[in-house]
Amino acid sequence: MAEKASASLGESNEIVGDVGGSALPDSMDKTGQHTEEDQGPVVEGEKTNLDDKHVTQRVRPQSREGEMPRMKFVNPFADDGLLDTGNQETSEVEYTPEEQADIDKLYNLQTEADDINAMMELEEKELVRKYNKKFQTLFNERASCIDSSVLSHFWLNVLKKSKLIADNITSRDEEALKHLVDITSDNVAGEGTFTLTFKFSSNPYFENLALTKVYEMDEEDPDVLTRAIGCPIDWRSGKDLTKRVVRKRIKGPKGPPKYSTKVETCDSFFHLFAPPQMVDDPEEQEIIEDILEADYEIGDRLRSEIIPNAVRWYTGEIQEESEEDDEFDDEDDEEEEGNDSDL
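Residues numbered from 1 in each chain as written. Predicted model: local features only at pLDDT ≥ 70, side-chain atom pairs only at ≥ 80, totals over all residues. Heavy atoms only, no water.

Asks: When you look at the overall build of the protein chain in this model, what are you seeing that I'm missing?
Replies: The helix and strand tally for the protein chain stands at 7 helices and 9 strands. Among the 343 residues that make up the protein chain, the fraction classed as buried is 35%. Summed over its atoms, the accessible surface of the protein chain is roughly 21500 Å², and 48% of this surface lies on carbon and sulfur atoms. (Helix = DSSP H or I, 4+ residues; strand = E, 2+ residues; numbered from the N terminus. Buried < 20%, exposed > 50% of the residue type's maximum accessible area, 1.4 Å probe, protein only. Areas by Shrake-Rupley, 256 points an atom, 1.4 Å probe, with all protein chains shown as cover.)

Asks: Whenever I open this one, the pairing of strand β6 (residues 210–217) confuses me. Can you help?
Replies: Side chains on a regular strand alternate between the two faces of the sheet. Direction of pairing for strand β5 (residues 194–200) relative to β6: antiparallel, over a ladder of 6 bridges. Bridge pairing in β6 links L196 to K213. Relative to strand β7 (residues 225–229), β6 runs antiparallel, the two being bridged by 4 bridges. Within β7, the position partnered with M217 by the bridge is L225. (Pairing = 2+ DSSP bridges.)

Asks: Is there a simple way to explain the environment of C231 in this structure?
Replies: Relative to the helices and strands, C231 resides in the loop between β7 and β8 (240–250). Under the relative-accessibility criterion, C231 is labelled buried at 14%. Put simply, C231 and F273 are 42 residues apart on the chain and 5.6 Å apart in space, counted from C-alpha to C-alpha.

Asks: Where do I start with unusual backbone geometry in this structure?
Replies: Backbone geometry follows two general trends: most residues other than glycine have a negative phi, and most peptide bonds adopt the trans configuration. Even without glycine at this site, H153 takes up a positive phi of about 50°. Among the structural elements, H153 can be located in the loop between α1 (97–147) and α2 (154–161).

Asks: Looking at this structure, I do not really get the side chain of D182. What am I missing?
Replies: Relative to the helices and strands, D182 is located in strand β4 (residues 180–185). Salt bridges are absent for the buried D182, whose nearest opposite-charge side chain, K199, sits at 4.4 Å. Setting aside residues up to four positions removed in sequence, D182 forms contacts with A143, W155, T197, F198 and K199. (Lys, Arg positive; Asp, Glu negative; His and termini not counted. Salt bridge = Lys/Arg side-chain N within 4 Å of Asp/Glu carboxyl O. Contact = heavy atoms within 4.5 Å.)

Asks: Just to check I follow, could you spell out the packing of aromatic side chains for this structure?
Replies: Describing an aromatic ring pair means giving the distance of the ring centres and the angle of the ring planes. This structure, assessed with the given rule, holds 16 aromatic pairs. Consider the rings of F200 and F270, whose centres lie 6.4 Å apart with planes at 40°: the pair is tilted. Highlighted residues: F200 in strand β5 and F270 in the loop between β9 (258–265) and α5 (282–306), separated in sequence by 70 residues. For F200, a relative accessible area of 6% translates into the label buried. Residues W235 and F270 carry aromatic rings whose centres are separated by 5.6 Å and whose planes lie at 80° to one another, so their mutual orientation is edge-to-face. With W235 in the loop between β7 and β8 and F270 in the loop between β9 and α5, this pair connects stretches of sequence that are 35 residues apart. Take F270: its relative accessible area is 2%, and that puts it in the buried class. Here a set of aromatic residues connected by ring pairs shows up, and it is made of F198, F200, F206, W235, F269, F270 and F273. Above the plane of the ring of Y205 lies K239, whose end atom (NZ or CZ) is 5.6 Å from the centre. (Phe/Tyr/Trp six-rings, centres within 6.5 Å; stacked < 30°, edge-to-face > 60°. Lys NZ or Arg CZ within 6 Å of the ring centre and 35° of its normal.)

Asks: Looking at this structure, how should I read the nonpolar core?
Replies: In a soluble, globular protein the nonpolar side chains are often hidden away together inside. Core analysis: the biggest nonpolar cluster contains 42 residues, and F198 and F270 have the highest contact counts within it. Ignoring anything within four residues of it in the chain, the contact list for F198 reads L180, D182, I183, L209, A210, L211, F269, L272, F273 and L302. (Core = buried A, V, L, I, M, F, W, Y, C linked by side-chain atoms within 4.5 Å.)

Asks: Just to check I follow, could you spell out α1 for this structure?
Replies: An α-helix turns once every 3.6 residues. As a result, residues three or four positions apart point the same way. Across its 51 residues, α1 extends 74 Å between first and last C-alpha, which sits within 8% of the 75 Å expected from 1.5 Å per residue. Residues of α1 that are buried make contact with α2, β4 and α6 (310–315). (Expected span 1.5 Å × (residues − 1).)

Asks: What should I look at first to understand the environment of C266 in this one?
Replies: Looking at where C266 falls in the secondary structure, it is placed in the loop between β9 and α5. Judged by relative accessible area, which is 0%, C266 ranks as buried. Between the alpha carbons of C266 and L241 there is a distance of 7.7 Å; along the sequence they are 25 residues apart.

Asks: Help me understand α2, please; the structure alone is not making it clear to me.
Replies: For α2, the full list of buried residues reads F154, W155, L156, V158 and L159. Looking at the buried side of α2, the elements it contacts are α1, α3 (163–166), α4 (171–177), β4, α5 and α6.

Asks: Looking at this model, I keep getting lost on the pattern of salt bridges. Mind explaining?
Replies: Opposite charge on two side chains allows them to pair when their charged atoms are near. This structure, assessed with the given rule, holds 14 salt bridges. Close ionic contact of K178 with E175 constitutes a salt bridge, the shortest N to O distance being 3.2 Å. Taking the relative accessible area as the measure of exposure, E175 reaches 36% and is therefore partly exposed. Where D295 meets K213, a salt bridge forms, and the shortest distance between an N and an O atom there is 2.7 Å. Residue D295 is located in helix α5, and its partner K213 is located in strand β6; the two are separated by 82 residues in the primary sequence. Across the pair, exposure class does not vary: D295 and K213 are buried alike. Taken together, the shared-partner salt bridges connect E297, R301, E305 and E320 into one network.

Rendered as structure tokens:
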């Protein structure tokens, strides 16, 4: 997370603050571009590490074993010929009649295996749908239990127990997330496309009572993300947590101080609902890849781990392994290997 910008005129000559809006901040037009209109009261704010646009992209997300390899990105602008197999030469092998008969038998068995596999996949999809419904019924009951409990800010505390997510939550975000009453996913039992829904009580920050994030996965390869879709946030006036007003003192002759004012993007968890767009620029694309990698990792962590086990995160029964723990484990492994070599 970026450091907070100083509001001291003596050091940076900048004062920063919140910016408000409706479907888009007042400082932006319908295309997402900033206007020259000044917005909101001037208070301290923070910088951002996420863009605020939509994305269309193909990536290979987290592996099943929990490892997070570097994602595989497929740039639709690139012409690398990976899909063009029509010009490849194939060698023909002549078999004896006896060999060909055996091969035909094996191919018949292979066809039967393919049919069984197709039937299995259909039954798996039906099983996933069946158990997603069972999970949803249970999670609806859990939501009612949380709503009537004495546990304050349950979901905010759950999110903060995950360092991966907590690192993207600012102190200003916390005030809005105190109104978060439930997080659901339409697909917690299987692979493929899933939608996250964040449900809120009425709050002073935005009009929406629900915010959604869709992760569309490739139909043929459910490990490949084809598109991430956010949703507009109807910010109340002066309450946009993703923007800040910066007033910079203009140097000039003696007299009353003069300031220039502009609107900047700042750190916020709510950038999750506005993923960046795909671009045909290698340098910018690399930045977008990093953003989208972190974006999907958060979405998958919520879907597959946090939503199904929310109370275990709340109580601390489940804890993420930190990078320091990983380093210590690696050192222990190296020491054990060294000891083995001395025997």
